[in-house]
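# Descriptive analysis of the structure
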Amino acid sequence: MVTNTSGKKKTAVARATVSDGEGRVRINSRPVELVEPELARLKMLEPFRIADDDLRESVDVDVTVEGGGTTGQADATRTAIARGLVQHTNDAELRDAFMEFDRSLLVNDVRQSEPKKWGGPGACARYQKSYR
């Protein structure tokens, strides 16, 4: 059985394909062990730490992720993998364990950065005003 899921964080979008296999996890066609920085790799593998180890050895996960920065991509990947595992196993206990650990494992974070506006250097700050 093959399951397709997606995850989003800021402007990063991750699409995960979970299928029966022998524990391969690939991010953009590269093994997850090669992902740098290490914190991003640890964040991506969080769903497997909450689920049991025999689940990781029974599935192959292939993720394509684009947009955003390294942390946003890591969060999007983590959501996509967690959703894929829940859908693939169809396990309510696993879903509850993910929700109890962190809701953002299964639910996208919808916050976006506020767009820059005219009259200032950013979204809210204005250029300094001079009276003389």
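We now turn to the structure provided with this report.

Basis of the calculations
- Residues numbered from 1 in each chain as written.
- Predicted model: local features only at pLDDT ≥ 70, side-chain atom pairs only at ≥ 80, totals over all residues.
- Heavy atoms only, no water.
- Helix = DSSP H or I, 4+ residues; strand = E, 2+ residues; numbered from the N terminus.
- Contact = heavy atoms within 4.5 Å.
- Patch = residues over 30% accessible without salt bridge, like charges linked within 9 Å, V, L, I, M, F, W, Y side chains within 5 Å.
- Areas by Shrake-Rupley, 256 points an atom, 1.4 Å probe, with all protein chains shown as cover.
- Salt bridge = Lys/Arg side-chain N within 4 Å of Asp/Glu carboxyl O.
- Lys, Arg positive; Asp, Glu negative; His and termini not counted.
- Charge placed at Lys NZ, Arg CZ, Asp CG, Glu CD.
- Core = buried A, V, L, I, M, F, W, Y, C linked by side-chain atoms within 4.5 Å.
- Buried < 20%, exposed > 50% of the residue type's maximum accessible area, 1.4 Å probe, protein only.
- Axes fitted to C-alpha atoms, helices over the stretch in contact; angles between N-to-C directions.
- Parallel < 35°, antiparallel > 145°, perpendicular 65-115°, else oblique.
- Nonpolar A, V, L, I, M, F, W, Y, C, P; charged D, E, K, R; others polar.
- Pairing = 2+ DSSP bridges.

A few words on the side chain of Asp-75. As for its placement among the helices and strands, Asp-75 is situated in helix 4 (residues 70-89). Here Asp-75 is in contact with Lys-9 and Lys-43, once residues within four sequence places are set aside.

Here we come to a negative patch on the surface. There is a patch of like negative charges on the surface, built from Asp-52, Asp-53, Asp-54, Glu-57, Asp-91, Glu-93, Asp-96 and Glu-100. Secondary-structure elements contributing two or more residues to the negative patch are helix 3 (53-56) and helix 5 (92-101). No other element matches the three residues that helix 5 contributes to the negative patch. Tracing the chain through its elements places Glu-93 in helix 5.

Within soluble globular proteins, side chains that are nonpolar tend to cluster in buried spots. Ile-27, Phe-48, Val-61, Leu-85 and Phe-98 are the most contacted members of the largest nonpolar core, which totals 29 residues. At the level of secondary structure, the elements contributing two or more residues to this core comprise strand 2 (12-20), strand 3 (25-27), helix 1 (38-44), strand 5 (59-66), helix 4 and helix 5. For this core, the element with the highest residue contribution is helix 4, accounting for seven residues. When residues no more than four places from it in sequence are discounted, the contact partners of Ile-27 are Val-32, Val-35, Met-44, Val-63, Val-65 and Thr-77.

Relative orientation of the contacting elements helix 4 and helix 5 amounts to 155°, with a least axis distance of 9 Å. Between helix 4 and helix 5, the crossing angle belongs to the class labelled roughly antiparallel. Contacts from Arg-78, Ala-82, Leu-85, Val-86 and Thr-89 in helix 4 reach Leu-94, Arg-95, Phe-98 and Phe-101 in helix 5. When grouped by side-chain class, the residues that make up the contact of helix 4 with helix 5 number six nonpolar, one polar and two charged.

Summarising the sheet, strand 2 and strand 5 pair through eight bridges and their orientation is antiparallel. Its bridge partner being in strand 5, Asp-20 is matched across the sheet by Val-59. Bridge count for strand 3 against strand 5 is three bridges, and the pairing is parallel. By the bridge assignment, Val-25 is partnered in strand 5 with Val-61.

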